[in-house]
Amino acid sequence: MTETHEDFMARAIALSEKTSLIDSAGGVFGSVIVQDGQILAEGANRVVAENDPTWHGEIEAIRKACKAQGSFKLRDATLYTSAEPCPMCLAAAYWAGIKRIYYAAQVKDALEYGGFDDSMIYGELKKDVGDRSIPTQQMMREEAVEVWKKYAQKADRVPY
């Protein structure tokens, strides 16, 4: 039997239910990464259990999938996630080379039913660095750029 989009999304939703309602490990977020029609990795939100604000379902699934593939790029992978990815998870999906994302609940659902409000982050990303609410100041650029120059000349560097 061939699994369908609905089967993969149902698994992501089941993971979200387990992590939030049964394990009380974090929010209502579960994810599945599929490659060549097979589940490559799964993840669930464990922010509360691990005291780690980055332990989102998508991040866990991406980490596991990359480890399973032995690569930081996921060839033709699809992400199924129980809720629309936050800015961090969306960026990670791009960095991992995810080719397609399917999501169930919207950002507004996470806000309405769970109090998950990422609107400040979306707003901050649109601002110039100097206008953001976390004070950010550049320093020691010349020293840092010297390392970048050496990196640019490194014969065995792995291209991203």
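Every chain is numbered independently, its residues counted from 1 as its sequence is written. Only residues with pLDDT of at least 70 are given local features in this predicted model, and only at 80 or more are side-chain atom pairs given and counted; all residues enter the totals for whole chains, interfaces and linings. The basis for the side-chain values is all heavy atoms of the structure; hydrogens and waters are excluded.

> Help me understand the environment of E50, please; the structure alone is not making it clear to me.
Strands are runs of DSSP state E lasting at least two residues, helices are runs of H or I lasting at least four, and both sets are numbered from the N terminus onward. The topology assignment puts E50 in helix α2 (residues 47–50). Judged by its relative accessible area of 33%, E50 is partly exposed. Sequence-wise, E50 and Y113 are 63 residues apart; in three dimensions their C-alpha atoms are separated by 23 Å. Polar contact is defined as a pair of N or O atoms within 3.5 Å, subject to the rule that within protein one atom must be able to donate a hydrogen and the other to accept it, and that residues adjacent in sequence are counted only when both atoms are side-chain atoms. Side chain to side chain, E50 and R46 meet in a polar contact 2.9 Å long. When a residue's accessible area, from a 1.4 Å probe over protein chains only, is under 20% of the maximum for its type it is buried; when over 50% it is exposed; and in between it is partly exposed.

> So what exactly am I meant to see when it comes to the sheet that holds strand β1 (residues 30–35) here?
Within a beta sheet, neighbouring strands are joined by backbone hydrogen bonds and run either parallel or antiparallel to one another. At least two bridges found by DSSP between two strands is the condition for calling them paired. Taken in spatial order, the 4 strands line up as β2-β1-β3-β4 in an open sheet, and their pairing is mixed. Every interior strand has two partners, whereas the edge strands, β2 (38–44) and β4 (100–105), have only one. Within this sheet the neighbouring strands show an average axis-to-axis angle of 15°, counted without direction. Bridge analysis of β1 against β2 gives 6 bridges, and the strand direction is antiparallel. The residue of β2 that forms the bridge with V32 is E42. Axis lines are fitted to C-alpha atoms, over the contacting stretch for helices. Their N-to-C directions set the angle, which ranges from 0 to 180 degrees.

> Just checking my understanding: could you explain the pattern of salt bridges for this structure?
Note on definitions: salt bridges are taken to be side-chain nitrogens of Lys or Arg within 4 Å of carboxyl oxygens of Asp or Glu. Counting across every chain of the model gives 9 salt bridges. The residue R46 makes a salt bridge to E50 at a minimum N-O spacing of 2.9 Å. With its nearest N and O atoms 3.5 Å apart, the salt bridge here joins K64 to E60. Placement of the pair is K64 and E60 together in helix α3 (residues 57–69), with a separation of 4 residues, close to one helical turn. A relative accessible area of 43% places K64 in the partly exposed class. Connected through shared salt-bridge partners, D36, R75 and D76 make up one network.

> Looking at this structure, I do not really get the packing of aromatic side chains. What am I missing?
Given two aromatic rings, their pairing is described by the distance between the two centres and the angle made by the two planes. Classification of ring pairs rests on two measures: the distance between centres of Phe, Tyr or Trp rings, Trp counted by its six-membered ring, which must be within 6.5 Å, and the angle between planes, read as stacked under 30 degrees, edge-to-face over 60 and tilted in between. According to the stated counting rule, one finds 5 aromatic pairs in the structure shown. Aromatic pair F8 and Y80: ring centres 5.2 Å apart, planes at 45°, arrangement tilted. Separated by 72 residues along the polypeptide, F8 in helix α1 (residues 5–22) and Y80 in strand β3 (residues 78–83) bring together distant segments of the chain. There is no split in this pair, since F8 and Y80 are both buried. Where W148 meets Y151, the ring centres are 5.9 Å apart and the plane angle is 90°; that geometry is what we call edge-to-face. With W148 and Y151 both in helix α7 (residues 141–153), this residue pair falls 3 residues apart, about one helical turn.

> Even after reading the chapter, I still don't get helix α4 (residues 87–96), so can you show me in this structure?
Helical periodicity: at 3.6 residues per turn, an α-helix aligns residues three or four positions apart in one direction. All of the buried residues in α4 are P87, C89, A92, A93 and A96. Among the residues trailing α4, G97 stands out with phi positive, at a value near 80°.

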